[in-house]
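Letter by letter, the chains look like this.
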Amino acid sequence: MKFFIDTANLDDIKQAYDLGVLDGVTTNPSLMAKEGITGDANVKAHYKAICDIVDNNVSAEVIATDFAGMVKEGEELAKIDDKIVVKVPMIKDGIKAIKYFSDKGIRTNCTLVFSAGQALLAAKAGASYVSPFIGRLDDISHDGLTLIEQIVQIYDNYGYETEVLAASVRHTMHLVQCAEIGADVVTCPLKVITSLLNHPLTDSGLAAFLADHKKASQK
Ligand code: G3P
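Described in the following lines is the structure provided in the data block. (Residues numbered from 1 in each chain as written. Predicted model: local features only at pLDDT ≥ 70, side-chain atom pairs only at ≥ 80, totals over all residues. Heavy atoms only, no water.)

A look at the side chain of T111
In this fold, T111 is placed in strand β5 (residues 108-113). The class for T111 is buried, based on a relative accessible area of 1%. With residues near it in sequence (within four places) discarded, T111 still touches E61, K87, V88, P89, M90, S131 and F133. (Helix = DSSP H or I, 4+ residues; strand = E, 2+ residues; numbered from the N terminus. Buried < 20%, exposed > 50% of the residue type's maximum accessible area, 1.4 Å probe, protein only. Contact = heavy atoms within 4.5 Å.)

Here's the deal with the site of the ligand
Close to the ligand lie D6, N28, F133, R136, A167, S168, R170 and T187. One nitrogen or oxygen atom from the side chain of R136 is found 2.7 Å from an oxygen atom belonging to the ligand. Here S168 contributes a side-chain N or O atom positioned 2.7 Å from an oxygen atom of the ligand. Protein burial of the ligand: of its 310 Å² of free accessible surface, 80% is covered by the chains. (Near = heavy atom within 4 Å. Polar contact = N/O pair within 3.5 Å; in protein donor to acceptor, adjacent residues only side chain to side chain. Areas by Shrake-Rupley, 256 points an atom, 1.4 Å probe, with all protein chains shown as cover.)

So, unusual backbone geometry
Despite not being glycine, L112 shows a phi value in the positive range, around 65 degrees. As for its placement among the helices and strands, L112 is situated in strand β5. A relative accessible area of 35% places L112 in the partly exposed class.

This is the structure we're talking about:
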């Protein structure tokens, strides 16, 4: 399973990359705004800075919601770096834009997906990734993980190459359960990735090993 980090924060991206387990980055307009990145030139420079840290797969989202606007923006984003994946919202013109980009060999990530039907449409249009937001479904008392299960099954039934990118992953159990179900990718904040390290038995076990080693060395 690929690990993507869901942030536009360069320090967090560097930390995850330095851990040696990072396969990509997802951003969205809210995450860019959180870092105070505004204006076309600054946004593009920031995406370039992210691409310079990681090896591949940097999702950069279009702001336009009409076909022509999405195509123009997406083509400009794709020119920033080969690592860019154009992120397109799950709307009618978004599906048309995904088909257009797919025919041109530009990779896409279809975002804001909340149903299996939407995911099927994204795959038919040729999306490279589909992003179901599991945490946001959980927030409204729907089961986000069941949606991942459905999409994995549907894509498997027909051999769609679109990768299931579980997004809005909020905690380690989300991540582990996505792995059990067979999601291709998870994207989450740095804390979720680093929290995978934690286990009290690891801490107490290591403390005991080191104490025993110290005692034996002093004999
Ligand atoms: O990748 C989608 C993500 O940014 C949404 O996460 O936690 O705002 O629902 P969240």
